[in-house]
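A structural walkthrough
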Amino acid sequence: MNKTLLAHVSLFTAMVIYAAGFTIIKEVTPQYLSPAGFVALRVLGTTPLLWITGLFFFEKIERKDFGKIALLSLCGVTINQSFFIKGMSLTSPINGAIIMITCPLLVLILGNIILKEKITWQKLCGILIGLGGALLLILSNTISNTKTDSPIGDLLIFINALSWGTFLVLVTPLMKKYHPVTILKWSFLMSIPILVPLGIPNLLEVNFNSFDGKTIFDILFVIVGVTFIAYLMNIFALKALSPTVVSAYIYTQPIMAAVIALVLGKDILGWQQIVSAILIFTGLLLASQKKTVIDNSTVT
């Protein structure tokens, strides 16, 4: 299997794992673990796995790159993890998945700011239409004030998408110098001093012996699957594909998350989600036309 095809297979697999994660995370938080406690447990469980894996890919980080990795840690782990878990504790799996597909639009915006990429009127219209779809969800939840969907939760998921888009843009230059495992193991390690102290108080109060087998499986799935495996698959794909292509795979999440949530009876599909998805997909189609500076990354 060639490198490009393997990257696409890795991304698709990661999206399936992420889509399942939208529903599974709702099963754990806030009923069994607080968002902060879950994030701390997630980081404490994933970091050792990455460092053990890193023994097979030992690389020395140049001193000048530690600041860049610290920024990646802030965007790709600290903000990404904490805002996602907290957001999912407040909103529904389908809403979370739809909000996340604004990420490719955000990558285009960040490409313009960071890489001085030119945005055409077509791309700008696509960005505005897509963001309008995300805004519809937030405003509709403000009006309806349902128990399962929170505008604050949707907003947190949007900030999470913004932080992940920033991570995808910033990590690309470092991928030419270091192995994905090297970048991730340092990124997760640097997040511990921030995330763990915030979650420790909750973890100390939790009676883990009271967890049933399903809850334990859900927690392990998030740590090993959604975090360790899916993160590696995403960043591995950046070795062969551009950030825009990698972020574009998020388009599949709403469909997968909706199917999983509906099959398990954990969510319902309303007109707001349908209209929002149509707007976002329309915006993505417009914004993704033609080559961009980010798209000119090496693709084999």
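The model shown is predicted, which means the values in this text are computed figures rather than measured ones.

A short note on the overall build of the protein
- For the protein, the helix and strand inventory stands at twelve helices and zero strands.
- In sequence order, the secondary structure elements of the protein are arranged as α-α-α-α-α-α-α-α-α-α-α-α.
- Across the 300 residues that make up the protein, the buried fraction comes to 53%.
- Partitioning the intrachain contacts of the protein with sequence separation of at least 6 by distance along the chain shows that 91% fall at a separation of at least 24.
- Summed over its atoms, the accessible surface of the protein is roughly 13400 Å², and 72% of this surface lies on carbon and sulfur atoms.

Points about helix α9 (residues 213-237)
- With 25 residues, α9 ought to run about 36 Å at 1.5 Å a step, and its terminal C-alpha atoms sit 33 Å apart, in line with that.
- Considering bend angle alone, the principal kink of α9 is centred on Ala230 and spans about 30°.

What about the side chain of Asn202?
- Position of Asn202 among the secondary structure elements: in helix α8 (residues 180-205).
- Given a relative accessible area of 19%, Asn202 falls into the buried group.
- The residues contacting Asn202, other than those within four sequence positions of it, are Leu33, Ser34 and Gly37.

Some thoughts on the side chain of Thr182
- Within the element layout of this structure, Thr182 appears in helix α8.
- Classification of Thr182 by relative accessible area gives buried; the value is 0%.
- With residues near it in sequence (within four places) discarded, Thr182 still touches Phe57, Glu59 and Ile61.

Overview of the packing of helix α2 (residues 35-54) against helix α3 (residues 66-90)
- Running from N to C, α2 and α3 point in directions that differ by 135°, and their axes come no closer than 9 Å. Between α2 and α3, the crossing angle belongs to the class labelled oblique. Remark: the crossing between α2 and α3 carries right-handed chirality. The residues of α3 that touch α2, namely those facing Pro35, Phe38, Val39, Arg42 and Val43, are Val77, Gln81, Ser82, Phe84, Ile85, Lys86 and Ser89.
- Taken together, the residues that form the contact of α2 with α3 break down as seven nonpolar, three polar and two charged.

What about the confidence of the model for the protein?
- Within the protein, residue pLDDT values average 79, and 77% of them lie at 70 or more.
- No element of the protein has a lower mean pLDDT than helix α11 (residues 253-263), at 66, and none a higher one than α2, at 94.

Some thoughts on the environment of Ala36
- Topologically, Ala36 is positioned in helix α2.
- Here the alpha-carbon distance between Ala36 and Pro197, two residues 161 residues apart in the chain, equals 9.1 Å.
- Ignoring any residue separated from it by four or fewer positions in sequence, one finds Ala36 in contact with Leu198 and Gly199.

Here we look at the packing of α3 against helix α7 (residues 151-175)
- At their nearest, the axes of α3 and α7 sit 8 Å apart, and the two run at 155° to each other. Judged on the interaxial angle alone, α7 and α3 are roughly antiparallel. For α3 against α7, the interelement crossing comes out left-handed.
- For the contact of α3 with α7, a count of residues per class yields 18 nonpolar, seven polar and two charged.

So, the nonpolar core
- Counting 70 residues, the largest nonpolar core has Leu33, Phe38, Phe167, Val171, Ile183, Ile219 and Ile235 as the members making the most contacts within it.
- Per-element tally for this core: the top contributor is helix α1 (residues 3-28), with eleven residues.
- Filtering out sequence-adjacent residues up to four positions away, Leu33 remains in contact with Val28, Phe38, Leu41, Asn202, Leu203, Val206, Phe208, Phe211 and Ile219.

Notes on a nonpolar patch on the surface
- Taken together, the side chains of Ile52, Leu55, Phe56 and Phe57 present a nonpolar region at the surface, about 470 Å² in accessible area.
- Along the chain, Ile52 turns up in helix α2.

Section: the pattern of salt bridges
- Tallied over the entire structure, the rule returns six salt bridges.
- Residue Glu62 pairs with Lys177 through a salt bridge whose shortest N-O separation is 3.5 Å. Pair noted here: Glu62 is in the loop between α2 and α3 and Lys177 is in the loop between α7 and α8, with a separation of 115 residues, a long-range link.
- For Glu62, a relative accessible area of 38% corresponds to the partly exposed category.
- We classify Lys177 as partly exposed; its relative accessible area is 37%.
- For Asp218, the salt bridge is made with Lys214, and the minimal N-O distance between the two is 3.0 Å. Of this pair, Asp218 and Lys214 are both found in helix α9, four residues apart, which corresponds to roughly one turn of the helix.

Quick word on the environment of Gly76
- Among the secondary structure elements, Gly76 is positioned in helix α3.
- Take Gly76: its relative accessible area is 0%, and that puts it in the buried class.
- Between the alpha carbons of Gly76 and Asn160 there is a distance of 8.9 Å; along the sequence they are 84 residues apart.

What counts and how
Residues numbered from 1 in each chain as written. Predicted model: local features only at pLDDT ≥ 70, side-chain atom pairs only at ≥ 80, totals over all residues. Heavy atoms only, no water. Helix = DSSP H or I, 4+ residues; strand = E, 2+ residues; numbered from the N terminus. Buried < 20%, exposed > 50% of the residue type's maximum accessible area, 1.4 Å probe, protein only. Contact = heavy atoms within 4.5 Å. Areas by Shrake-Rupley, 256 points an atom, 1.4 Å probe, with all protein chains shown as cover. Expected span 1.5 Å × (residues − 1). Bend = angle between axes of the 7 residues up to and from the residue. Axes fitted to C-alpha atoms, helices over the stretch in contact; angles between N-to-C directions. Parallel < 35°, antiparallel > 145°, perpendicular 65-115°, else oblique. Left-handed = near helix turned anticlockwise from the far one by under 90°. Nonpolar A, V, L, I, M, F, W, Y, C, P; charged D, E, K, R; others polar. pLDDT = per-residue confidence, 0-100. Core = buried A, V, L, I, M, F, W, Y, C linked by side-chain atoms within 4.5 Å. Patch = residues over 30% accessible without salt bridge, like charges linked within 9 Å, V, L, I, M, F, W, Y side chains within 5 Å. Salt bridge = Lys/Arg side-chain N within 4 Å of Asp/Glu carboxyl O.

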